[in-house]
Structure formats: C-alpha cells, structure tokens
Amino acid sequence: YPIVLRELSRDLAPQAYVLGNAMALRLVTSSLFLCVAAALSYLLPYEAVVHHAMLLGIIGFVSLEVTHVLLAVFQQHLKQWQAAFAEIIGAGVTLIAVGMVIYWHGSVITAVGTMAIGHLAWAACAWYLAYRLAPFRLSWAGAEWKRLVLAALPLAGVQILNLMYLRVDAVILSLYQPASDVGVYGVASKLLEMAMTLPYMFAGLVM
C-alpha cells in the first residue's frame, strides 16, 4: 500500500489505472500464496479442523489484503475518517458474529468464520467508499504489474522477515505443546504486535 499511495500521489497519475492494476495484483497474489500455504499445512501434524480453518481463513485474509490497498486512496484524498468508518463497520460485524458464536457455543470453524465475515464487511465498505473517491476497474496490465512488483520487493522482503519474527515461534511451539499453550502465548504475542504497529500507523498518517 505505501507503493500505491506514492503512485497515486504523483502529478497527473492515472489513478484509475494504477489502482485497478494494484487491486487485481493484490487479489491474485494473496489468493495464490495463501492457497499454497494452506496446502503446505497438510504436511504438518495438525488436526483436520486446523486445516479446514486455514482454508476458510483465506477468505478473510484476502479481504484484509484488499482493504490495505484501498487505505492508500483515503490517505491520498485526505479522507481518513472514511477509512476509520469502514474499519468500525467491519469491527462491529465481527463483534456481533463473535457474540453469536459464544452464545451458541460455536466450533473453531465458526470462530474463524466470524473473522472472515468481519473482514469481508470491512473490505466491502472500504471498496464502496474508495470507489466514490477514485472510480476504478480491475485491470490486468502485465507491464504495470511488473512495475508495481519491482517497486514493492524491498518492502516485501522486510515484511517477510517481520512475519517470520512474529510467527515462527508460535509455529514451533505448536509442534511441541498443546493448543491451549499456543493460545495463551498467542495473546501476549498479539498484544506485543499491536503495540509495535503504533509507530507505523503514526508514520503512515504523517505521510
């Protein structure tokens, strides 16, 4: 999304063209790599419910990745309140869905489904609001895809290393300890991750 924000902010930038290609690129690459990751998970000694939950989670994470690209539109037009509104809608839908799962004692699959539903609602609201600011259509221009990928490679490398730092420990723990221990560890890890994102959020707003 920082690359998309930079490209949209250039003088006389073809915003619809850039955004349409960036959205299509994010949809394809996110879906592809998440499906490959879910398939590779079958090589690990997890229960079937974990594998099924990972497949369902792809829907939510693809929606989340799409939303991240759309945030560039709101920042470029100085409409951060619309980004916040879309996120509140997604969080509200997630909260209601989680409440229903707790009330009816839902399974792990339904719990993951609440995440997917919430992210879908967030993405749908963000897409609608972003389209009103910068109307676009999904585009499949190979040259533009290549240009965006090459520009984003350094950031991708940093994010991969960061993801390994934040997630590999939980994966290793899951291979040796029961799921309850991984869950307790995950809460503390998530709180640390949220605290670490605050400087990036501030820097993004300054941009």
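Every chain's residues receive numbers from 1 upward, in the order its sequence appears when written. Two thresholds apply to this predicted model, a pLDDT of at least 70 for residue-level local features and 80 or more for giving and counting side-chain atom pairs, whereas whole-chain, interface and lining totals are computed over all residues. To obtain the side-chain values, all non-hydrogen atoms of the structure were used and water was disregarded.

Caption draft 1: Representation of the side chain of Q75. Turning to its location among the elements, Q75 is positioned in helix α3 (residues 48–76). Burial here depends on accessible area, computed with a 1.4 Å probe over protein chains only, as a share of the maximum for the residue type. Under 20% is buried, over 50% is exposed, and the range in between is partly exposed. A relative accessible area of 13% places Q75 in the buried class. Working rule for contacts: check all heavy atoms of both residues, and any pair within 4.5 Å makes them a contact. With sequence-adjacent residues up to four places away left out, Q75 is seen in contact with Y1, L5, Q80, G204 and L205. Each helix corresponds to a stretch of at least 4 residues labelled H or I by DSSP, and each strand to a stretch of at least 2 residues labelled E; elements are numbered beginning at the N terminus.

Caption draft 2: Structural detail: a nonpolar patch on the surface. Patch criteria: residues need more than 30% relative accessible area and no salt bridge. Like-charged residues are merged within 9 Å; nonpolar side chains of Val, Leu, Ile, Met, Phe, Trp and Tyr are merged within 5 Å. For accessible areas, the Shrake-Rupley method is used with a probe of radius 1.4 Å. Any residue's cover is judged against the shown protein chains and nothing else. By convention in these notes, a salt bridge is any Lys or Arg side-chain nitrogen within 4 Å of a carboxyl oxygen on Asp or Glu. A contiguous nonpolar patch, built from L44, I160, L161, M164, V168, V171, I172, L175 and Y176 and spanning about 860 Å² of accessible area, is present on the exposed surface. Mapped onto the elements of the fold, M164 is located in helix α6 (residues 142–176).

Caption draft 3: Examining helix α4 (residues 80–103) more closely. The first and last C-alpha atoms of α4 sit 34 Å apart over 24 residues, in line with the 34 Å expected at 1.5 Å per residue. Those residues of α4 that sit buried are Q82, A83, A86, G90, A97 and V101. Looking at the buried side of α4, the elements it contacts are α3 and α5 (108–133). The first or second residue beyond α4 is H105, which carries a positive phi of 55 degrees. The length a helix should cover is 1.5 Å for every residue beyond the first.

Caption draft 4: Highlighting the environment of K190. With respect to the helices and strands, the residue K190 is situated in helix α7 (residues 179–206). Residue K190 is classed as partly exposed on the basis of its relative accessible area, which comes to 40%. Sequence separation between K190 and L166 is 24 residues; the distance between their C-alpha atoms is 8.8 Å.

Caption draft 5: Structural view of the nonpolar core. Ranked by internal contacts, the top residues of the largest apolar core, which has 28 residues, are V4, L19, M23 and L70. Secondary-structure elements contributing two or more residues to this core are α1 (2–8), α2 (15–40), α3, α4, α5 and α6. For this core, the element with the highest residue contribution is α3, accounting for 7 residues. What L19 contacts, discounting residues up to four positions off in sequence, is V4, V69, V73, A134 and F136. Here the nonpolar core consists of buried residues drawn from Ala, Val, Leu, Ile, Met, Phe, Trp, Tyr and Cys, with membership extended through side-chain atoms lying within 4.5 Å.

Caption draft 6: Summary view of the pattern of salt bridges. Scanning all chains against the criterion turns up 7 salt bridges. E193 is the partner of R167 in a salt bridge, and the nearest nitrogen-oxygen pair spans 2.9 Å. A residue pair is termed long-range when its members are at least 10 positions apart, and R167 in helix α6 and E193 in helix α7 qualify at 26 residues. Judged by its relative accessible area of 17%, E193 is buried. Salt bridges linked by common partners bring R6, E7, R10, E144 and R147 together as one network.

Caption draft 7: Expanded view of the confidence of the model for the chain. With 100% of its residues at a pLDDT of at least 70, the chain reaches an overall mean of 88. Predictor confidence is given residue by residue as pLDDT, running from a minimum of 0 to a maximum of 100. α7 is the least confidently modelled element of the chain, averaging 83 in pLDDT, while α4 averages 94, the highest of any element.

Caption draft 8: Summary view of the packing of α4 against α5. Axis angles are defined between N-to-C directions and span 0 to 180 degrees, where every axis is a line fitted to C-alpha atoms and, for a helix, only to the segment in contact. As a packed pair, α4 and α5 sit with axes 8 Å apart at the nearest point and diverge in direction by 160 degrees. Taken as axis vectors, α4 and α5 run roughly antiparallel relative to one another. Regarding α4 and α5, the two cross each other, and that crossing is right-handed. Where α4 abuts α5, its residues Q82, A83, F85, A86, E87, I89, G90, V93, T94, A97, V98 and V101 lie against T110, A111, T114, I117, G118, A121, W122, C125, A126, L129 and L133. Any residue that is not Ala, Val, Leu, Ile, Met, Phe, Trp, Tyr, Cys, Pro, Asp, Glu, Lys or Arg is counted as polar, Gly included; the first ten are nonpolar and the last four charged. Per-class residue counts for the contact of α4 with α5 are 16 nonpolar, 6 polar and 1 charged. Each angle receives one of four descriptions, namely roughly parallel if under 35 degrees, roughly antiparallel if over 145, roughly perpendicular if within 65 to 115, and oblique otherwise. Each crossing gets its hand from how the near helix is turned against the far one by less than a right angle, where anticlockwise is left-handed and clockwise is right-handed.

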